[in-house]
Amino acid sequence: MTTRVLRAIDRFHSTHPWDHNAHHHRWIMRQVPRCFDMALDIGSGSGDLARLLATRATGVQGVDVDRAIVAKARELTGPAVPVTFTASDALTETPPGPYDVITCVAALHHLPFSEALTHFRRHLAPGGTLVVVGVARAASLGDHLLGAVAIPLNIAMAWIKNKGRRAPRPDSMTAPTRPATMTFAEIVREARRVLPGARLRRRLFWRYTLVWHQRPGGGRTHPPGVGR
């Protein structure tokens, strides 16, 4: 694909933005229980997922290192919604748990990978669920083919979601970003070392997913159908 075409696509998306991470929120909600006590959302951004989790949880802790986006999340969240947003480091200042559900969307590649997964595992309650939507560096032929397939679908989704009109960037897309450094193969290998039995899958729109369940006794399990 030529540089001119790539620039044209970038210009289109700058005027017709849509949130690739929010696209996975409904899938995330299918991975977690219908009712649970506490949830932790790492890299909570403008709080969209945390507020969704709060429809099922007794309480939700949203953590993000960016103070500006945390302020926006608080502004967007009604006083009756049981969510607390904290501007803090996800690995050193995590609010006390344990948590029945831990989510991390497009934030894991901002953290030391193995250390972060180990940290999440320690804060997960027995029987709890960890759900990650992550970003990997394209390396294999399969990665590049999936990326190529996603381009026209991405344009179509942008057109549909914005009803063909120009639109400002959503609040959820204003947080700082960073490119991924690990490939999907590296992510799978290291994730399964730290979280034996974790289920990982490549997804459209340059994302992958990870689901892991802590056994009630502290081990792991992955019930049939989870991760699909």
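The model shown is predicted, which means the values in this text are computed figures rather than measured ones.

**Looking at the pairing of strand β1 (residues 36-42)**
Looking along a regular strand, one sees side chains alternate from face to face of the sheet.
Stage number 1. Among the 7 residues in β1, 5 count as buried, and that is most of the element.
Stage number 2. As judged from the 6 bridges shared by β1 and strand β2 (residues 57-64), these two strands associate in the parallel manner. Across the sheet, the residue bridging to Ile 42 is Val 63, located in β2.
Stage number 3. Tracing the backbone out of β1, into helix α3 (residues 48-53) and back to the parallel element β2 gives a crossover that is right-handed.

**Concerning unusual backbone geometry**
Stage number 1. A cis amide bond links Gly 97 to the next residue, Pro 98, at an omega of 0 degrees.
Stage number 2. Relative to the elements of secondary structure, Pro 98 occurs in the loop between β3 (83-87) and β4 (99-105).
Stage number 3. One non-glycine residue, Ala 106, adopts positive backbone phi at about 55 degrees.
Stage number 4. Assignment of secondary structure puts Ala 106 in the loop between β4 and α5 (113-123).
Stage number 5. On the basis of relative accessibility, which here comes to 18%, the residue Ala 106 falls in the buried class.

**Overview of the side chain of Thr 129**
Stage number 1. As for its position among the elements, Thr 129 is in strand β5 (residues 124-134).
Stage number 2. Residue classification places Thr 129 among the buried positions, given a relative accessible area of 3%.
Stage number 3. Engagement of the side chain of Thr 129 in a polar contact is seen with the side chain of His 213, the distance being 3.1 Å.
Stage number 4. Leaving out residues up to four positions away in the same chain, Thr 129 has contacts with Gln 31, Asp 100, Val 101, Ile 102, Leu 124, Val 211, Trp 212 and His 213.

**Examining the nonpolar core**
Stage number 1. Counting residues in hydrophobic clusters, the biggest one holds 29 residues, and the most contacted among them are Ile 42, Leu 108, Leu 117, Phe 120, Leu 130, Leu 200 and Leu 210.
Stage number 2. Elements with a contribution of two residues or more to this core: β1, β4, α5, β5, α7 (184-194) and β7 (207-214).
Stage number 3. Ranked by the residues each element gives to this core, the list is headed by α7, at 5 residues.

**Examining the packing of α5 against α7**
Stage number 1. Direction vectors running N to C along α5 and α7 enclose 35 degrees, while the axes themselves pass 10 Å from each other. For α5 against α7, the interelement crossing comes out right-handed. Residues Phe 113, Ser 114, Leu 117, Thr 118 and Arg 121 of α5 form the contact with α7, whose own contacting residues are Ile 187, Glu 190, Ala 191, Arg 193 and Val 194.
Stage number 2. Tallied by class, residues from the contact of α5 with α7 come to 5 nonpolar, 2 polar and 3 charged.

**Considering the pattern of salt bridges**
Stage number 1. Within this structure, the stated rule accounts for 3 salt bridges.
Stage number 2. The partner of Asp 48 in a salt bridge is Arg 51, with the nearest N and O atoms 2.7 Å apart. Of this pair, Asp 48 and Arg 51 both sit in helix α3, separated by 3 residues, roughly a single helical turn.
Stage number 3. On the basis of relative accessible area, Asp 48 is assigned to the partly exposed category, the value being 31%.
Stage number 4. A salt bridge links Glu 190 to Arg 193, with the nearest nitrogen and oxygen atoms 2.5 Å apart.

Reading the values: rules and limits
- Residues numbered from 1 in each chain as written.
- Predicted model: local features only at pLDDT ≥ 70, side-chain atom pairs only at ≥ 80, totals over all residues.
- Heavy atoms only, no water.
- Buried < 20%, exposed > 50% of the residue type's maximum accessible area, 1.4 Å probe, protein only.
- Helix = DSSP H or I, 4+ residues; strand = E, 2+ residues; numbered from the N terminus.
- Pairing = 2+ DSSP bridges.
- Right-handed = clockwise from strand over helix to strand, strands pointing away.
- Polar contact = N/O pair within 3.5 Å; in protein donor to acceptor, adjacent residues only side chain to side chain.
- Contact = heavy atoms within 4.5 Å.
- Core = buried A, V, L, I, M, F, W, Y, C linked by side-chain atoms within 4.5 Å.
- Axes fitted to C-alpha atoms, helices over the stretch in contact; angles between N-to-C directions.
- Left-handed = near helix turned anticlockwise from the far one by under 90°.
- Nonpolar A, V, L, I, M, F, W, Y, C, P; charged D, E, K, R; others polar.
- Salt bridge = Lys/Arg side-chain N within 4 Å of Asp/Glu carboxyl O.

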